[in-house]
Amino acid sequence: MSTQLATFTLDGHTLAIAVEQVQEVLRSQTRTRVPLAPPRVAGLVNLRGQVLTAVDLRVPLGLPPRTEGEPMVVVVRVGGEPVSLLVDTIGDVVEVDERDFEPAPDTLTGAARELILGAYKLPDRLVLALDADRAVGL
């Protein structure tokens with residue numbers, strides 16, 4: 001059985017979320033900061049009149065802060081609500097075979113290990129399947 005994943009990159013790593021969970025992808029959006037919000041909350045985004053929480057995935061994954069460029073946005077459905085995820089670049093949609101799914105690599109440590117469901121080995125790269133529900137953690 002195969003499944004489709006929407007891919008994106010963060011700090012040179014290719015991550016993915018099930019296509020069914022992705023609502024849309026956007027270029028960088030203006031964010032309004034939220035005082036006293038958890039560090040992973042990068043602000044609020046107004047998406048055609050709907051206010052979404054913007055989550056900087058670098059924080060829960062323990063990656064270094066973005067030093068240049070504006071992040072891209074992946075809008076996903078978590079618990080039935082749209083949430084904006086900030087990523088470095090948007091990738092393509094890949095079709096993977098469930099038989100190629102493997103546990104998360106041993107090189108993953110800390111919080112990232114708890115947020116990665118596992119990995120798919122593609123001919124040209126390793127794709128890490130992200131547990132968006134846990135990564136958002138709102």
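Residues numbered from 1 in each chain as written. Predicted model: local features only at pLDDT ≥ 70, side-chain atom pairs only at ≥ 80, totals over all residues. Heavy atoms only, no water.

Going by the annotation in an unreviewed UniProt entry, the name recorded for the protein chain is Chemotaxis protein CheW, with Angustibacter luteus given as the source organism.

Enquirer: I keep staring at the side chain of T7 and nothing clicks. Help me out?
Expert: Among the structural elements, T7 can be located in strand β1 (residues 2-10). At 2.7 Å, the side chain of T7 and the backbone oxygen of D92 are in polar contact. Here T7 is in contact with T14, L15, A16, I90, G91, D92, V94, R125 and V127, once residues within four sequence places are set aside. (Helix = DSSP H or I, 4+ residues; strand = E, 2+ residues; numbered from the N terminus. Polar contact = N/O pair within 3.5 Å; in protein donor to acceptor, adjacent residues only side chain to side chain. Contact = heavy atoms within 4.5 Å.)

Enquirer: Explain the layout of surface pockets to me, please; I cannot follow it from the model alone.
Expert: A water-sized probe, rolled over the atoms, reveals where empty space remains. Estimated volume of the largest pocket: approximately 160 Å³. Every residue along the wall of the largest pocket is listed here: H13, L15, L61, L63, P105, T107, L108, A112, I116, L126 and L128. Where the lining of the largest pocket is concerned, the elements lending two or more residues are β2 (13-18) and β12 (126-130). In the lining of the largest pocket, the residues fall into nine nonpolar, two polar and no charged. (1 Å grid on protein atoms, 1.4 Å probe; cavity = no way out; pocket = protein on both sides within 12 Å on 5 of 7 lines; lining within 4 Å. Points joined across faces, edges and corners; volume = space filled by probe spheres on them. Nonpolar A, V, L, I, M, F, W, Y, C, P; charged D, E, K, R; others polar.)

Enquirer: How do you make sense of the pairing of β2 when you look at a structure like this?
Expert: Note that β1 and β2 share six bridges and pair antiparallel. Looking at β2, one finds that T9 is bridged to T14. Where β1 folds back onto β2 in an antiparallel hairpin, the turn is made up of two residues, including D11, whose phi is positive at roughly 50 degrees. Relative to β12, β2 is paired through three bridges, and the arrangement is parallel. Across the sheet, A16 pairs through a bridge with A129, a residue of β12. (Pairing = 2+ DSSP bridges.)

Enquirer: Explain the nonpolar core to me, please; I cannot follow it from the model alone.
Expert: Here is a general trend for soluble globular proteins: nonpolar side chains tend to be buried in one another's company. Counting residues in each nonpolar core, the largest one holds 25 residues, and the members touching the most others are F8, L15, L57, L61, L85, I116 and L130. Elements represented by at least two residues in this core include exactly β1, β2, β7 (72-78), β8 (81-87), α1 (110-115), β11 (116-121), β12 and α2 (132-136). Apart from the residues lying within four places of it in its own chain, the contact partners of I116 are L15, L61, A104, L108, L128, A129 and L130. L26, L47, L52 and A54 belong to the second-largest nonpolar core, a separate cluster that totals nine residues. (Core = buried A, V, L, I, M, F, W, Y, C linked by side-chain atoms within 4.5 Å. Buried < 20%, exposed > 50% of the residue type's maximum accessible area, 1.4 Å probe, protein only.)

Enquirer: I tried to follow the pattern of salt bridges on my own but got confused; where do I start?
Expert: Side-chain pairs of opposite charge can arise where the charged atoms are in close proximity. Summed over all chains, the structure comprises nine salt bridges. Among the salt bridges present, the one from D88 reaches R58, with a minimum N-O distance of 2.7 Å. On the criterion of sequence distance, the pair formed by D88 in the loop between β8 and β9 (89-97) and R58 in the loop between β6 (50-56) and β7 is long-range, its members being 30 residues apart. A residue is classified by how much of its surface remains accessible, and R58, at 7% relative accessible area, is buried. The salt bridge involving R66 is made with D88; its shortest N-O contact spans 2.9 Å. Of this pair, R66 sits in the loop between β6 and β7 while D88 sits in the loop between β8 and β9, and the two are 22 residues apart along the sequence. (Salt bridge = Lys/Arg side-chain N within 4 Å of Asp/Glu carboxyl O.)

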